[in-house]
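# Structural characterization, general
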Amino acid sequence: FAVSGMTRAASKSLAQHHIRVNALAPYFFEGSMADFSAEQFAGKIYGSVSEETLKETKATMFRMNPMGRYGKVREVAGVVLFLSSEEASYINGVVLPVDGGFVA
């Protein structure tokens with residue numbers, strides 16, 4: 001909620017200077033952060049991290065997402081490029097989920 005509130009407040013105060021403020025709310029994306037998060041979850045859920053518990057935790061994380069997979073870095077990069085473009089010049093103060101439908 002803090003990011004959402006800060007995004008809205010900053011967007012309102014900076015709009016008069018033609019500065020748009022938006023934020024992304026990503027789910028898990030391929031790479032070391034997703035692996036780190038899976039290790040942290042496995043430790044909390046199973047009490048220890050092994051190859052087996054890590055595999056099960058990743059499978060659970062996939063099942064939690066309607067698309068059944070991690071996002072790809074290029075997918076979030078495309079959203080950033082769009083929000084930075086003229087086509088998004090009237091978008092201001094939003095927190096955009098980039099999560100494969102997780103919060104839908």
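Just above, that's the structure.
Here goes a summary of the coordinates provided. Here the structure is a predicted model, which is why all the values come from computation and not from measurement.

## A few points about the environment of Met64
- Mapped onto the elements of the fold, Met64 is located in helix H3 (residues 51–64).
- Here the alpha-carbon distance between Met64 and Phe102, two residues 38 residues apart in the chain, equals 7.2 Å.
- Discounting residues that sit within four places of it in the chain, Met64 has contacts with Tyr27 and Phe102.

## Overview of the pattern of salt bridges
- A full pass over the atoms with the stated rule returns three salt bridges.
- Lys58 is paired through a salt bridge with Asp35; the nearest N and O atoms lie 3.1 Å apart. Here Asp35 lies in helix H2 (residues 32–46) and Lys58 lies in helix H3, a separation of 23 residues in the sequence.
- Lys58 gets classed as partly exposed once you look at its relative accessible area, which sits at 24%.
- Look at Asp35 and you get partly exposed, because its relative accessible area is 32%.
- Close ionic contact of Arg63 with Glu56 constitutes a salt bridge, the shortest N to O distance being 3.3 Å.

## Notes on the nonpolar core
- Tyr27, Phe28, Ala34, Ala38, Leu54, Met61 and Tyr70 form the largest nonpolar core, which has seven residues in total.
- Elements with a contribution of two residues or more to this core: H2 and H3.
- Dropping the residues within four chain positions of it, Leu54 is found in contact with Ala38, Glu39 and Ala42.

Scoring rules and cut-offs
- Residues numbered from 1 in each chain as written.
- Predicted model: local features only at pLDDT ≥ 70, side-chain atom pairs only at ≥ 80, totals over all residues.
- Heavy atoms only, no water.
- Helix = DSSP H or I, 4+ residues; strand = E, 2+ residues; numbered from the N terminus.
- Contact = heavy atoms within 4.5 Å.
- Salt bridge = Lys/Arg side-chain N within 4 Å of Asp/Glu carboxyl O.
- Buried < 20%, exposed > 50% of the residue type's maximum accessible area, 1.4 Å probe, protein only.
- Core = buried A, V, L, I, M, F, W, Y, C linked by side-chain atoms within 4.5 Å.

Take it as geometry only, folks, not as evidence of what the structure does.
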